[in-house]
Amino acid sequence: MKYKRIIIKIGSNVLTQSNGLIDEQRIAHLTNQITKLKNGGVEVILVSSGAVASGRGLIRVADRCDAVAARQLMASVGQVKLINIYADSFAKSAQLCSQVLVTKEDFRDRTHYLNIKNCLEILLQHSVIPIVNENDVVSVTELMFTDNDELAGLIASMLNAQALIILTNVDGIFNGNPALESSQVIREVNGKGVDLSAFVMQGKSQFGRGGMITKTHMAQKVAQLGITVHIANGTRQNILQDILAGNVPHTRFLPQKITSGRKKWLAHSETAATGLVELNDGAKQALSSDKAISLLPVGIHAVKSDFRKGDIIKLIDSTGNIIGVGRAEYGADKARERMGQKNQKPLVHYDYLYLQ
Ligand SMILES: Nc1ncnc2c1ncn2[C@@H]1O[C@H](COP(=O)(O)OP(=O)(O)O)[C@@H](O)[C@H]1O
Ligand SMILES: N[C@@H](CCC(=O)OP(=O)(O)O)C(=O)O
């Protein structure tokens, strides 16, 4: 497989030894592999977890700290250690890396989204390997990403990568409990219609946040946007080279049709939506056809919340299921005036409409 640009996400468990301490040798081995890819002409962006895990080994949290404060404390101390290990390790092969800490808020609208995109593009243009992590010190509760898998999916879409490699501590998605010998790795997932929920258990590994469920949701969404996703075992030697050579068992999500940059942005904008609009059945049917159709006011059943021109709005059906998201061409007041009428300007233009 020949990719020009890859996002590599490394989970906490890959970077942590069984005693909870950060595994410097593993980081060194991974940075070696990444440098080789880089020297072979591949652009690499790392999304690395591990701040909390490294902090855990450095500081004893006082009993009076609640869970949120403890996470802030460990991440704040741990991120310094983590990034220094990466920087020292990359420096051994004269490779520069950089730290990019983000929160969900940094992607809240297209302007903020493009600021982060430009920052990462500039780093890549200067041959730097960006190491992205959520800024756990400031992002708490509802402001948080589900986990770094979600963040990695967002970045892969944003940077038009050809592939996203998720490194975790199991060989991929198993068709049963990964601890059982009877379970096997699902090698290939093709299309979003494949239901993996029966296989994936709620639990997550010792130091992980989201678990395999968020990985499968995210991987299907990202593959749908035209990006190949590999879920593989980051604790195996030479895993990255082996994935690209196609000679290690792991789960690969085949890419579906290539989507425009604007639609990729919208695909990850659901939580930033301010507006909520209910469509009638005719509009729902029309939008789900293969044709490029904009959302016209005649297909609106109800405007359920206020929004302004340019805001992201969520489109739902009569049972409340989400159909898609789009960018409003005008505000809620005008949408209410024009609702149900024919021959009116589209509320969402096709180019700014992402259907789930
Ligand atoms: N069907 C399944 N196949 C593989 N792993 C699974 C499955 N169901 C649950 N898991 C669990 O998901 C864990 C990986 O997710 P997570 O803990 O979030 O890791 P990471 O820190 O790499 O993000 C595995 O260690 C495994 O225990
Ligand atoms: N941002 C956190 C990681 C959160 C997270 O998503 O962890 P994981 O499920 O191991 O990828 C940290 O650096 O500790």
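Residues numbered from 1 in each chain as written. Chains lettered and ligands numbered in written order. Predicted model: local features only at pLDDT ≥ 70, side-chain atom pairs only at ≥ 80, totals over all residues. Heavy atoms only, no water.

The protein goes by Glutamate 5-kinase in an unreviewed UniProt entry, where it is assigned to Mucilaginibacter defluvii. Taken from UniProt, the Function (unreviewed entry) comment for the protein reads in full: "Catalyzes the transfer of a phosphate group to glutamate to form L-glutamate 5-phosphate." UniProt lists a comment for the protein under the heading Catalytic activity (unreviewed entry), and it reads "L-glutamate + ATP = L-glutamyl 5-phosphate + ADP". (UniProt positions renumbered as here; feature names shortened; annotations may be inferred.)

**Digging into the overall build of the protein**
A tally of regular secondary structure across the protein gives 11 helices and 13 strands. Rg of the C-alpha trace for the protein: 22 Å, near the compact-globule value of 21 Å for 356 residues, within the 12% margin. Overall size of the protein, expressed as C-alpha extent along the three principal axes, is 65 × 45 × 40 Å. In the protein, which comprises 356 residues, the share counted as buried stands at 52%. Accessible surface for the protein amounts to roughly 16,600 Å². Of this, 49% is attributable to carbon and sulfur atoms. Across the protein, the mean location of the 41 positive side-chain charges is 4 Å away from that of the 32 negative side-chain charges. (Helix = DSSP H or I, 4+ residues; strand = E, 2+ residues; numbered from the N terminus. Rg over C-alpha atoms; globule rule 2.2 N^0.38 Å. Buried < 20%, exposed > 50% of the residue type's maximum accessible area, 1.4 Å probe, protein only. Areas by Shrake-Rupley, 256 points an atom, 1.4 Å probe, with all protein chains shown as cover. Lys, Arg positive; Asp, Glu negative; His and termini not counted. Charge placed at Lys NZ, Arg CZ, Asp CG, Glu CD.)

**Some thoughts on the layout of surface pockets**
To find leftover empty space, one rolls a probe the size of a water molecule over the atoms. Empty space within the largest pocket amounts to approximately 910 Å³. Lining of the largest pocket is provided by 33 residues; of these, E150, K221, A267, H268 and E270 occupy positions nearest its centre. Mapped onto the lining of the largest pocket, the elements with two or more residues apiece are α6 (148–158) and α7 (212–224). At eight residues, α7 tops the list of elements feeding residues into the lining of the largest pocket. The class makeup of the residues in the lining of the largest pocket is 12 nonpolar, 11 polar and 10 charged. (1 Å grid on protein atoms, 1.4 Å probe; cavity = no way out; pocket = protein on both sides within 12 Å on 5 of 7 lines; lining within 4 Å. Points joined across faces, edges and corners; volume = space filled by probe spheres on them. Nonpolar A, V, L, I, M, F, W, Y, C, P; charged D, E, K, R; others polar.)

**So, helix α5 (residues 110–125)**
For α5, spanning 16 residues, the distance from its first C-alpha to its last is 22 Å, which sits close to the expected 22 Å at 1.5 Å a residue. Restricting attention to buried positions, one finds in α5 the residues Y113, I116, K117, L120, E121, L123 and L124. Here the buried residues of α5 occupy an arc of 160 degrees about the axis, which is enough to place them on one side. Exposed side of α5, more than 90 degrees from the buried face: T111 and Q125 are the residues found there. On its buried face, α5 is in contact with β1 (5–10), β2 (43–48), β3 (97–102), β4 (129–134), α6 and α9 (261–267). Just downstream of α5 lies S127, where phi reads positive at about 65 degrees. (Expected span 1.5 Å × (residues − 1). Arc of directions from axis to C-beta. Contact = heavy atoms within 4.5 Å.)

**Focus: the packing of α5 against α6**
Orientation of α5 relative to α6, taken along the N-to-C sense of each, is 75 degrees, at an axis distance of 11 Å. Our classification of the angle between α5 and α6 gives roughly perpendicular. In this structure, α5 uses Y113, I116, K117 and L120 to contact α6, whose residues at the interface are L154, I155, S157 and M158. Broken down by class, the residue content of the contact of α5 with α6 amounts to six nonpolar, one polar and one charged. (Axes fitted to C-alpha atoms, helices over the stretch in contact; angles between N-to-C directions. Parallel < 35°, antiparallel > 145°, perpendicular 65-115°, else oblique.)

**Side note on the nonpolar core**
Residues I7, F107, L120, V132, I155, L164 and F253 are the most contacted members of the largest nonpolar core, which totals 47 residues. The dominant element in this core, judged by the number of residues it contributes, is α6, at six residues. With sequence-adjacent residues up to four places away left out, I155 is seen in contact with I7, I45, V47, L120 and V132. Membership of the second largest hydrophobic core comes to 31 residues, among which are I27, I129, A163 and I239. (Core = buried A, V, L, I, M, F, W, Y, C linked by side-chain atoms within 4.5 Å.)

**Section: empty space enclosed by the protein**
Per the stated rule, a full pass over the model turns up one cavity of 30 Å³ or more. Of the voids in this model, the largest cavity is the one considered here, and its volume is about 40 Å³. With three residues, α7 is the largest single contributor of residues to the lining of the largest cavity. When grouped by side-chain class, the residues that make up the lining of the largest cavity number four nonpolar, four polar and one charged.

**Regarding the sheet that holds β4**
Spatial strand order, β3-β4-β2-β1-β5-β7-β8-β6: eight strands in an open sheet with mixed pairing. This sheet does not close on itself; its edge strands, each paired only once, are β3 and β6 (188–189). Bridge analysis of β1 against strand β5 (residues 163–168) gives five bridges, and the strand direction is parallel. What sits directly across from I6, in β5, is A163. (Pairing = 2+ DSSP bridges.)

**Observations regarding the pattern of salt bridges**
In total, this model carries 18 salt bridges according to the counting rule given. Between R5 and E43 there is a salt bridge; the shortest N-O distance is 2.8 Å. In this pair, R5 sits in strand β1 while E43 sits in strand β2, placing the two residues 38 residues apart along the sequence. By relative accessible area, R5 is classed as buried at 12%. Residues D306 and R336 are paired through a salt bridge, measuring 2.9 Å at the closest nitrogen-oxygen approach. Here the residue D306 occupies a position in the loop between β10 (300–303) and β11 (312–316), and R336 occupies one in helix α11 (residues 332–338), the gap between them amounting to 30 residues. Of the residues examined, D306 reaches a relative accessible area of 56% and is grouped as exposed. Via salt bridges that share partners, R5, E43, K117 and E121 belong to a single interconnected network. (Salt bridge = Lys/Arg side-chain N within 4 Å of Asp/Glu carboxyl O.)

**Remarks on unusual backbone geometry**
Even without glycine at this site, A94 takes up a positive phi of about 55 degrees. Tracing the backbone through its elements, the reader meets A94 in the loop between α4 (67–91) and β3. Phi at N238 is positive, roughly 50 degrees, even though this residue is not glycine. Its location among the elements puts N238 in the loop between β7 (228–233) and α8 (239–245).

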